[in-house]
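Fold and contact review
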Amino acid sequence: MKTVKIQKLSRENFHKFGSYAMLIDPLDANATGPKDAPIAFFRDMVQQDLGGAVPSFSTCRMQYRPMIVTDAEYHNYTSEVSMPLDQDAVVWCAPAGAGNECPVDEIEAFLVPKGCILMLRPGVWHHAAYAVENRPLNVMIVLPERAYATDCYCTSLEEGKQVALEF
């Protein structure tokens, strides 16, 4: 019987088969800002070609923070897929509309178990998830490559329009 020694994964010994990225602790990945910021987005870590559309797998790490909706975003031309990787998360959504003002009166919030993958349709308002436990939360995000730069409308909510989420 042939025996194969199990190797420690490295770029050098795996590159002929494909690529990989450490989604939970992406210390060597590019971030949009400081890697220890309250929200750090590690972008475009893995791409998968699906015959024309190129999804990009990224990690968004949220530090434990108050469950208050202060910022909102949507994508005009693409859906967004997300999955909490290491703990349950709270995600909020509001329906798509014709304008660029988040319909805060229509926000709904959901408890999403870790490992549950979500797909948000184009135009749906949302923003970074909230950690349920008092520790950082890592969420896998799947968007077309560079959608955060080419198809993302972001806004901050005035203090009077911010929404608290609670159990």
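Details of the structure are given in the entry above.
Being a predicted model, the structure only gives us computed values, none of them experimental.

**Some words on the overall build of the protein chain**
- Helix and strand counts for the protein chain stand at two helices and twelve strands.
- Ordered by position from N to C terminus, the α and β elements of the protein chain give α-β-β-β-β-β-β-β-β-β-β-α-β-β.
- In the protein chain, which comprises 167 residues, the proportion classed as buried is 38%.
- A separation of at least 24 residues holds for 72% of the contacts in the protein chain among residues at least 6 apart in sequence.
- Put simply, the protein chain shows about 10,400 Å² of open surface, and 54% of that area lies on carbon and sulfur atoms.

**Re the nonpolar core**
- Membership of the largest hydrophobic core comes to 17 residues, with the highest contact counts inside it found for Met62, Ala129, Leu137, Val139 and Ile141.
- Counting only elements with at least two residues in this core, the list comes to strand 2 (55-62), strand 6 (89-93) and strand 10 (137-144).
- Broken down by element, this core gets its largest block of residues, four residues, from strand 10.
- Leaving out residues up to four positions away in the same chain, Met62 has contacts with Pro38, Ile39, Ala128, Ala129, Arg135, Pro136, Leu137 and Val139.

**Describing empty space enclosed by the protein**
- All told, the structure shown has one cavity of 30 Å³ or more when counted by the stated rule.
- Space inside the largest cavity adds up to approximately 40 Å³.
- Lining the largest cavity are Phe41, Asp44, Ser56, Ser58, Ile141, Leu143, Pro144, Glu145, Arg146, Ala147 and Tyr148.
- If one sorts the elements of the lining of the largest cavity by residue count, strand 10 sits on top with three residues.
- In terms of residue class, the lining of the largest cavity is made up of six nonpolar, two polar and three charged.

**Thoughts on the sheet that holds strand 8 (residues 118-120)**
- If you trace the five strands from one edge of the open sheet to the other, you get 1-2-10-5-8, paired in antiparallel fashion. Edge positions in the sheet fall to strand 1 (39-47) and strand 8, since each of these pairs with one other strand and no more. Each neighbouring strand pair of the sheet contributes to a mean axis angle of 25°, computed without reference to strand direction.

**Details of the layout of surface pockets**
- The computed volume of the largest pocket comes to approximately 460 Å³.
- Phe41, Cys60, Glu73, Glu80 and Ala128 are the residues nearest the centre of the largest pocket, which is lined by 24 residues in total.
- At the level of secondary structure, the elements contributing two or more residues to the lining of the largest pocket comprise strand 1, strand 2, strand 5 (80-84), strand 6, strand 8 and strand 10.
- Along the lines of polarity and charge, the residues of the lining of the largest pocket split into 17 nonpolar, five polar and two charged.
- Empty space within the second largest pocket amounts to approximately 210 Å³.
- Taken together, Arg11, Phe14, His15, Gly18, Ser19, Tyr20, Ala21, Met22, Pro26, Asp28, Ala29 and Met45 form the lining of the second largest pocket.

**Regarding the sheet that holds strand 9 (residues 130-131)**
- Strands sit in the order 7-6-9 across an open sheet of three strands; the sheet is antiparallel. With partners counted over all chains shown, the strands left at the sheet margins are strand 7 (108-112) and strand 9, one partner each.
- Here strand 6 pairs with strand 7 via five bridges, running antiparallel. Across the sheet, Cys93 pairs through a bridge with Glu108, a residue of strand 7.

Calculation rules
Residues numbered from 1 in each chain as written. Predicted model: local features only at pLDDT ≥ 70, side-chain atom pairs only at ≥ 80, totals over all residues. Heavy atoms only, no water. Helix = DSSP H or I, 4+ residues; strand = E, 2+ residues; numbered from the N terminus. Buried < 20%, exposed > 50% of the residue type's maximum accessible area, 1.4 Å probe, protein only. Contact = heavy atoms within 4.5 Å. Areas by Shrake-Rupley, 256 points an atom, 1.4 Å probe, with all protein chains shown as cover. Core = buried A, V, L, I, M, F, W, Y, C linked by side-chain atoms within 4.5 Å. 1 Å grid on protein atoms, 1.4 Å probe; cavity = no way out; pocket = protein on both sides within 12 Å on 5 of 7 lines; lining within 4 Å. Points joined across faces, edges and corners; volume = space filled by probe spheres on them. Nonpolar A, V, L, I, M, F, W, Y, C, P; charged D, E, K, R; others polar. Pairing = 2+ DSSP bridges. Axes fitted to C-alpha atoms, helices over the stretch in contact; angles between N-to-C directions.

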